[in-house]
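The lines below spell out each chain.
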Amino acid sequence: MVKRRMKPKIELETKSRLQKQQSSKNKSNNQFSQHNQGFNFSGMIAMKPMQRIGAELLQCSQYQKDTVGLPTALAIGSKFIAIGTQRGIILVFDLFEELRQQLGLPVSGSNTYDTASASVKKYGAVSSIDFQQMEANGENLVAGYTSGCIVLWDVIKGTIVKAVPDMHPSPITSLRFISEKTLSFVSVDVGGLVNKVSFTKPLLWTTYNVESECLLDGTAGQILAFSILPPISSLKYTPMNNTDNKKQPYHQSVNQIILIALSSAKSSFAIAVEPSNSVLYKWAKPPLEDMNVEAFIQSKNNESDEIDNDRQESSSTPDTFLPCLAWNWAIVSGGEHSVTPILARGWGCCIQFLRGSFPPYEETESKSDESIHWPAFGTHDEFRSSAPVVALEWLGNRSLVYLTLTNELTVVDTVMMTLMERLDFSGIKLVYAEFALSRNGTTQPSHNQDSDNVMSTTFQNSMISNEGRILVLCQEELKSLSIIEIQQRITTLEEDGEWLEALALALDHYDSTVKSQEDRKREPDVRHDIMSHPEFVSKIRKSKDEEWIAELLLRYLNLAVENAPESTLDRSTIFNKSSSRRQKNSRIDLAQSHFQMLAGVCIEFCIVTRRLDLLFNDVYQRFRDSGYTDVFLDVLEPYVLNDKLQYIAPEVMSQFVEHCKTTNDVSTVERCLLHMDVTIMDFDTILSLLRKNGMYSALIHVYTHGLDDYVSPLEHLFEAIFDTAATESGKQRRLDGSPQTAFERYGYKAILYLRHCFTNRTFPQGQELKPENRVDTLRPELLQFLKAKKYTSPTRMTPSELLARFRQYDYPYIRVLLVVDAKAFLDALSIIFDSPEVRFIESTDNQDTMDDWHNMIEQSPLQIENESTTEEVADGSELRSESFEVRQRNEKGMTCPDRMDFARIISLSLTSLESTNTIFGNVDQFQVTKNAFYDFMGKYLLKGLLRAPPSLTMSVIARMTSRLAQDDVIKLLQVLPRKAYDREKVLQIVEGEGMTRAALHLYKSGVVELFEGTCTSDAGAHHFRKVIECYLKDEDIKFRLGAFDYMKKECIGGSTFRTDGDERTVHDVLRNALCEKLSALVNLDPVLSAQLVAEIYIDELETILEALKRAEEGMVQFKFFHAIISGDLTKADVVAGPVLLSNLTVDHHQQYLELMARFHPEMVYQHLITHDNYRAEECLQLCQAHEIADASAYLLERMGNVSSALQLMLQTLEGRMMTLKRVVRGLSTSSSYPLSSRKMMRRNHIRKTNSHAYHDIKETQSVRQILTVALDLCERNSSTSSDKSGHGSQLWFNVLDRLINAKGFLRLSKELPEHCEIMLNVLSDLLKMTMQRMVSNVALPDLVRKITSDHSGNHLGEFREMISTMLSTYGSELEICGSAVDVMNDDVHKLLKMKFNLKMRGAKIGYVDGIALSKDGQHPNQNFSRGSFFHVGTTGNATTTSSVSDLRSEVNDAEGAKTALARLRAKRRTKQKQKLRHGKRNEIQIGMMTSSDKLYANGGSSDAAYMPRYEEASLVLSITVDYNDYSNN
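Just so you know, these numbers come straight off a predicted model, no measurement behind them.

Rules and cut-offs
Residues numbered from 1 in each chain as written. Predicted model: local features only at pLDDT ≥ 70, side-chain atom pairs only at ≥ 80, totals over all residues. Heavy atoms only, no water. Helix = DSSP H or I, 4+ residues; strand = E, 2+ residues; numbered from the N terminus. Buried < 20%, exposed > 50% of the residue type's maximum accessible area, 1.4 Å probe, protein only. Contact = heavy atoms within 4.5 Å. Areas by Shrake-Rupley, 256 points an atom, 1.4 Å probe, with all protein chains shown as cover. Pairing = 2+ DSSP bridges. Axes fitted to C-alpha atoms, helices over the stretch in contact; angles between N-to-C directions. Parallel < 35°, antiparallel > 145°, perpendicular 65-115°, else oblique. Nonpolar A, V, L, I, M, F, W, Y, C, P; charged D, E, K, R; others polar. Phe/Tyr/Trp six-rings, centres within 6.5 Å; stacked < 30°, edge-to-face > 60°. Salt bridge = Lys/Arg side-chain N within 4 Å of Asp/Glu carboxyl O. pLDDT = per-residue confidence, 0-100. Expected span 1.5 Å × (residues − 1). Patch = residues over 30% accessible without salt bridge, like charges linked within 9 Å, V, L, I, M, F, W, Y side chains within 5 Å. Polar contact = N/O pair within 3.5 Å; in protein donor to acceptor, adjacent residues only side chain to side chain. Disulfide = S-S within 2.5 Å.

### So, the overall build of the protein
Moving on, step 1. Each helix and strand counted, the protein has 57 helices and 39 strands in total.
Moving on, step 2. Looking at the 1529 residues of the protein, the share that counts as buried comes to 47%.
Moving on, step 3. The contacts in the protein between residues at least 6 apart in sequence include a share of 64% that link residues at least 24 apart.
Moving on, step 4. Just so you have it, the protein exposes about 75300 Å², and 49% of that area is on carbon and sulfur atoms.

What follows is the structure, encoded as structure tokens:
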């Protein structure tokens, strides 16, 4: 490989580049910082001192008193170099550095300053000079001085031509000629005055006249920078404008326009001074963040701590940075290689480009057109420098040079926007001008606030660019900077033997010059240019740079081959892998390594320089002559695979194929071809080569990309499939499906190719097809080819070969793909079938048999053509051309063949293949093929895109039921017409698979036929019963409940008579069928079933009940009764529930009780206490017979035998407690463990677990239930407070005694401790429940007496804890009530006090709005608006307001001043009446009041009424004012 660059390519961080990086997700990591490179890193800039001029300047600097002084300004002309000095003398040198004139000194005599004329001495120092050469007068030089004087010098004679001393009042800062034909220039002084001056001579013998025009009068501020665009006549060639990739000359007005650039402290301006004065563009100053000056100053201040004091003083950072301007005809990046006016501006650390565009010359314009077309301007790009820029100049038309404050001179390539070189100017004493700027002219805030002016420096008169070089004026020397020619640099490296560095430098030069120019010349929209073919590249098209670059490579190649080491291997056995491996293991072949390196260098070099003709001619021939062709081809391969090389010459390609064959790696050729540009290849050669070697992927690539032919490669691929099918198609397939034979590989390749084409992608890359609409014609082409009935050969074949396997059958292409992999082929076909934008021919068919269906295959024009030419195969080429013509005619159409044709062809092919199973290897493979076809048909039958005869439809349904979900099968049955399948056979299939919903759909269709009259009543009733069964078998309960809606819909309706003589209506048939399934429906949902009966069988209720009675021994009837009588039906349907309930008799209720006693005896008691539709005596007998204790006791109570009822309850309670004890014994098996284990279990709280387990025991709940019934009985029969018999209390005491004595008859002392503890807990809970019920029904004295008298011997025993808990609860309740009363009393007291204070404050109002009321309460202004409010203060002064919103939330019940005062007076009168009425009692009450209360009670008021409450400033009374009423009261 070639070492591409000697130094890394340093790209500038331009604004456009940064924007691209921000928009790109993957930013480049190969960018090098432009600030991290050292000086002279590229060596492409030559800086040489001009020694003779330097010697003169050195002498002037050493003897300043006697000489002309230090240099101040520099100018370059076509013949002379002029240097201005401090004492007004101008030194003129020729280009050979000889001093020719000292303008300002006598021509002969002493050259000291003392001999200078007085006029020169008064001019002052030279501040700016410029040359102009005129054809008639020779060289002229104009000079500006610090006195403001301008002098025109004749350089040849050394005399003053014209002096203008009074044009500028301040020193001249810049002065430049603007034309080569006239003595016109623009001058700028320190004060900002800008003049355009012209020297004219009316007659030859007269003196020059001075004409001046003021461009700026100084009011706009100081001009900090000035530059002029060189006239277009100064260029060596006429610039062209690239418009739409075509070069056109600029408009002729470009020859008349002269542009200058000026910069003030705020903006820069592009100004036209010829042919008229006009400001063309205003360029604003860069933002401070872009100038980055503050950051630079801060960094310098941080670095100053490490520098000594002397160094700090000499390198202090200035306060201000002036802009720098440089205008030139230049080339920039993105400029289409057009030389345009580019204004470069450096301001602070920001360097920007302003591009001017002149309009092109139009052919329609007249050459005599003198109209002026001004250029348009726009900012092009910008980047930042490492330090503020102090000088800026162009070096040629694509290199910009700028000097920074840190004495770094940087060269930038404006086309590639890269850093070319950096030079160190820290040891060079540059000449600069220093003058004072006004405060408003500074670009940075000054740190010296004492002075009115800021000192600034400029280098615009000490760095001058001219003809590819820059002269830099120093105090003691003059330096020349120029770019070293690339050929000179490469020649130097070549002479030094640095060949790789020379080649790398040549590549860099090619990238930055030749390649960039070619890229801009190339039209981006042209897909392929045949003239860019390597075979057509001629020497005429090669530039000089390309020629010497190619010669450099050939010189290196010849030298490397001639000096190559000798090979240590036998080249004759190099392709023998075993021998070469042994030789490589023994020693390294230096010659082979050398030629590998050499091949890499040559290939890389030729690819980069686009000289493939050189690579495959001279370079390849040199390797072949040396015997290292194999090395060259091996190195060539990775360049192709990495898409660096997209073309190989035919001769080299043939050698490459042979080389790969020798190494048994032919697939490499195919992989390489997929990466090459096939549009520039020799098709005949490459296609023949690919067919011969079986490289069908590459063959497809060449056909599709090079010839836009997608059918021909498929024909050749099928040829390979047919050839290998005869011997390999019947072999056993691998279990993992991987191809193991050529037949399978080719077959899968064809299927994959079809998939790519159908999805609008190229094969095998998978890229999008170009153009985008190509797929619209491609799909019909491929489908027409696939459905061809007869085989068509693309090559010449004998008739015997045509009769080979598969070729002799109808539809051979589809047939062979089915054998390869039917599923993969049908999946590929589904891609185009599923595409919504593809149009197909639509057809209809109503064929019932497979034969008729197969015979409907439509014959396309291509098939007819094939059939007519199949027998004439003598000339394969003619057949090929005829087929191609047919395809060409079909390309215009974009409609694909009928989908049904493909379904018929595939079905027909499978039918014929079924008799030849040997093709598949075994029967299983054929079954897989059929299943794939059935899946394919099922998919499109479901979508309604295909139709099939009944026999095929049955096979598809059978396949879908075994593979797909039930919903898909249902959708298919819904889509298919009824005649498309046999319903009975389908029912057998779906019922066999357990698809009840699919069967439901089919049975429903049978019910529909009953309504349509197309089936018998028995068949319809059978289908209806099956519908109900399908609903009942479904696993989803919600879906099962849907049966009721369906039955209501079908069974409710008017009369529909049968047409076959049956007098029953369809609804009668369905009702009879439903009656048979009613019991199953009741089991599903009794409520909905009862609702259904109410709507359908209300008149046949007895029959329905009788039918339900026989089902499940009455259990179904009980559910039905329960849904009606319990009220569940009424909750669901407020109409059906009462209707059915009203039709039930007492016998029905009695029957319901009997069924309840049989199936749910626990429900009898609750039913008895909530209903009364039963006969009590019969119910008592029934309950006694079924031993339902609670119900029997309730009935005894209802019959008046309360004692017997209670006794029955207590006996039942004892029996259930005994049962509970037996259950508790088996609850824990800890007794079976040894004693030690039982102790450990007790420690592990086993007893606690068992003690809580009894709550979940069924028997515990039974005990609690029977006790609750007994307590209910006692509560119903408890005597009232007026009853003195105490019979009710005795009932409670009987229950209490039985519970207290239960411990005895249960014999708990003989039980295990853990069992005893459980039973005691149960008894304790029962006692608590009893006592809680007794407290509210038994008098407390009776209860206490009972406990203390009957159970005093037990020390209150079981009651101790109970009584303690009751007393504790009672105490807590008393405490809560007491606290609530205290809180209430406190709140009431506060409210009363607040109310009293409000009354006292509003009782006396002396002022309203600051106006005192009269004694009778009159107010001068009595017209208050209604809705006003009084604000009563603490002093009795009231104010009114009309703002209702602020006060409405505080007082909402106000009725006006009249109502408020009336209430106050009424309360006073009431108090007086009470006082007189009660006398002494009132005195006692008044005695308990405060003095203010007493005063108020007596009708007066106190000052306390006006005191603030809770630090309030005022009181607001919401009073609706009607002042007339107020005054009257």
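Right, picking up where we left off after that structure.
### Details of the sheet that holds strand β4 (residues 90–94)
Moving on, step 1. As summarised here, the arrangement of the four strands in space is β2-β3-β4-β5, forming an open sheet in which the pairing is antiparallel. Two strands lie at the open edges of the sheet, namely β2 (71–76) and β5 (99–103), each paired on one side alone. Strand after strand, the sheet turns through a mean of 20° between neighbouring axes, direction not considered.
Moving on, step 2. Sheet strands touched by helix α2 (residues 51–62): β2, β3 (80–85), β4 and β5. Its angle to β4, the strand with the most contacts, is close to 160°.

### Some points on the packing of helix α28 (residues 950–963) against helix α29 (residues 966–975)
Moving on, step 1. Their axes nearest at 9 Å, the elements α28 and α29 cross at an angle of 160°. For the element pair α28 / α29, the angle class is roughly antiparallel. Residues I957, M960 and T961 of α28 lie in contact with α29, whose contacting residues are D968, V969, L972 and L973.
Moving on, step 2. The residue inventory of the contact of α28 with α29, partitioned by class, reads five nonpolar, one polar and one charged.

### Topic: the packing of aromatic side chains
Moving on, step 1. On inspection of all chains with the given rule, the structure shows 37 aromatic pairs.
Moving on, step 2. Between Y123 and Y145, the aromatic rings sit 5.2 Å apart at their centres with planes inclined by 40°, giving tilted as the arrangement. In this pair, Y123 is assigned in helix α3 (residues 118–123) and Y145 in strand β7 (residues 138–145), connecting sequence segments 22 residues apart.
Moving on, step 3. Owing to a relative accessible area of 7%, Y123 belongs among the buried residues under this scheme.
Moving on, step 4. Here Y145 falls in the buried class, since its relative accessible area comes to 0%.
Moving on, step 5. Through pairs of rings, three or more aromatic residues link up here, namely F595, Y620, F623, Y628 and F632.

### Points about the side chain of H756
Moving on, step 1. By the element assignment, H756 lies in helix α19 (residues 742–758).
Moving on, step 2. Since its relative accessible area comes to 8%, H756 is described here as buried.
Moving on, step 3. Not counting residues up to four positions away in its chain, the partners in contact with H756 are R761, T762, F763, P764 and G766.

### Section: the sheet that holds strand β23 (residues 376–384)
Moving on, step 1. Taken in spatial order, the four strands line up as β20-β21-β22-β23 in an open sheet, and their pairing is antiparallel. Single-partner strands in this sheet number two, and they are β20 (324–330) and β23. Across this sheet, the average inter-strand angle for adjacent strands is 20°, counted without regard to direction.
Moving on, step 2. Direction of pairing for strand β21 (residues 340–347) relative to strand β22 (residues 350–357): antiparallel, over a ladder of six bridges. Along β22, the bridge assignment pairs L343 with L354.

### Let's talk about the pattern of salt bridges
Moving on, step 1. This structure, assessed with the given rule, holds 40 salt bridges.
Moving on, step 2. Note that K787 and D901 form a salt bridge whose closest N and O atoms lie 2.9 Å from each other. You can see K787 sitting in the loop between α20 (774–786) and α21 (799–802) and its partner D901 sitting in helix α26 (residues 899–913), a full 114 residues away along the chain. Both residues of the pair, K787 and D901, count as buried.
Moving on, step 3. Salt bridges linked by common partners bring K196, E213 and E274 together as one network.

### Overview of the confidence of the model for the protein
Moving on, step 1. Here the protein shows a mean pLDDT of 77. Residues at 70 or above account for 73%.
Moving on, step 2. For the protein, strand β39 (residues 1514–1517) is the element with the lowest average pLDDT, namely 36, and β3 is the one with the highest, namely 94.
Moving on, step 3. Across residues 25–35, where pLDDT falls below 50, the model places 20 contacts with residues more than four positions away in sequence or in other chains.

### Re the pairing of β3
Moving on, step 1. Where burial is concerned, most of β3 is hidden: six out of the six residues are buried.
Moving on, step 2. Of the two faces of β3, the one lined by F80, A82 and G84 and the one lined by I81, I83 and T85 are each fully buried.
Moving on, step 3. Connecting β3 to the next strand, β4, in antiparallel fashion are four residues, including G88 with a positive phi near 85°.

### Some remarks on helix α9 (residues 544–562)
Moving on, step 1. The terminal C-alpha atoms of α9 lie 27 Å apart, and with 19 residues this matches the ideal 27 Å at 1.5 Å per residue to within 8%.
Moving on, step 2. Within α9 the residues assigned to the buried category are E546, W548, I549, A550, L552, L553, Y556, L557, A560 and V561.

### Quick notes on the pairing of strand β12 (residues 193–200)
Moving on, step 1. Across the eight residues of β12, seven count as buried, placing the element largely inside the fold.
Moving on, step 2. One ladder, built from six bridges, connects strand β11 (residues 183–189) with β12; its direction is antiparallel. Among the inter-strand pairings, S187 is bridged to a residue of β12, identified as N195.
Moving on, step 3. From the end of β11 to the start of β12, which pair antiparallel, there are three residues, and G192 there has a positive phi angle of about 95°.
Moving on, step 4. Examined bridge by bridge, β12 and strand β13 (residues 209–217) share eight bridges and lie antiparallel to one another. Bridged to K196 within β13 is E213.

### Focus: the environment of V431
Moving on, step 1. Residue placement: V431 occurs in the loop between β27 (418–424) and β28 (433–438).
Moving on, step 2. Taking relative accessible area as the criterion, V431 reaches 4% and is therefore assigned buried.
Moving on, step 3. Spatially, the C-alpha atoms of V431 and A73 are 7.9 Å apart, while their sequence positions differ by 358 residues.

### Digging into unusual backbone geometry
Moving on, step 1. Look at the link from F763 to P764: it is a cis peptide, with omega at 0°.
Moving on, step 2. Considering the arrangement of structural elements, one finds P764 in the loop between α19 and α20.
Moving on, step 3. K770 connects to P771 through a cis peptide bond whose omega is -5°.
Moving on, step 4. Examined against the element boundaries, P771 turns out to sit in the loop between α19 and α20.
Moving on, step 5. One non-glycine residue, M417, adopts positive backbone phi at about 55°.
Moving on, step 6. Relative to the helices and strands, M417 resides in the loop between β26 (408–413) and β27.

### Overview of a nonpolar patch on the surface
Moving on, step 1. Residues V1381, M1384, V1388 and L1392 make up a contiguous nonpolar surface patch of roughly 360 Å² in combined accessible area.
Moving on, step 2. Tracing the chain through its elements places M1384 in helix α53 (residues 1359–1401).

### Quick look at the side chain of T961
Moving on, step 1. In this fold, T961 is placed in helix α28.
Moving on, step 2. Within the structure, the side chain of T961 is placed 2.8 Å from the backbone oxygen of A958, a separation counted as a polar contact.
Moving on, step 3. Leaving out residues up to four positions away in the same chain, T961 has contacts with V969, I989, V990, E993 and M995.

### Focus on α28
An α-helical segment advances 3.6 residues per turn. Residues three or four places apart therefore align on the same side.
Moving on, step 1. Along its 14 residues, α28 runs 20 Å from first to last C-alpha, staying within 8% of the 20 Å computed at 1.5 Å per residue.
Moving on, step 2. Where α28 is concerned, the buried positions are L952, T953, M954, V956, I957, M960 and T961.

### Some details on the state of the cysteines
Moving on, step 1. For the coordinates displayed, the defined rule picks out zero disulfides.
Moving on, step 2. Not engaged in a disulfide, the cysteine C349 finds its nearest cysteine sulfur in C350; these two sulfurs lie 8.9 Å apart.
Moving on, step 3. Assessed through its relative accessible area of 0%, C349 is described here as buried.

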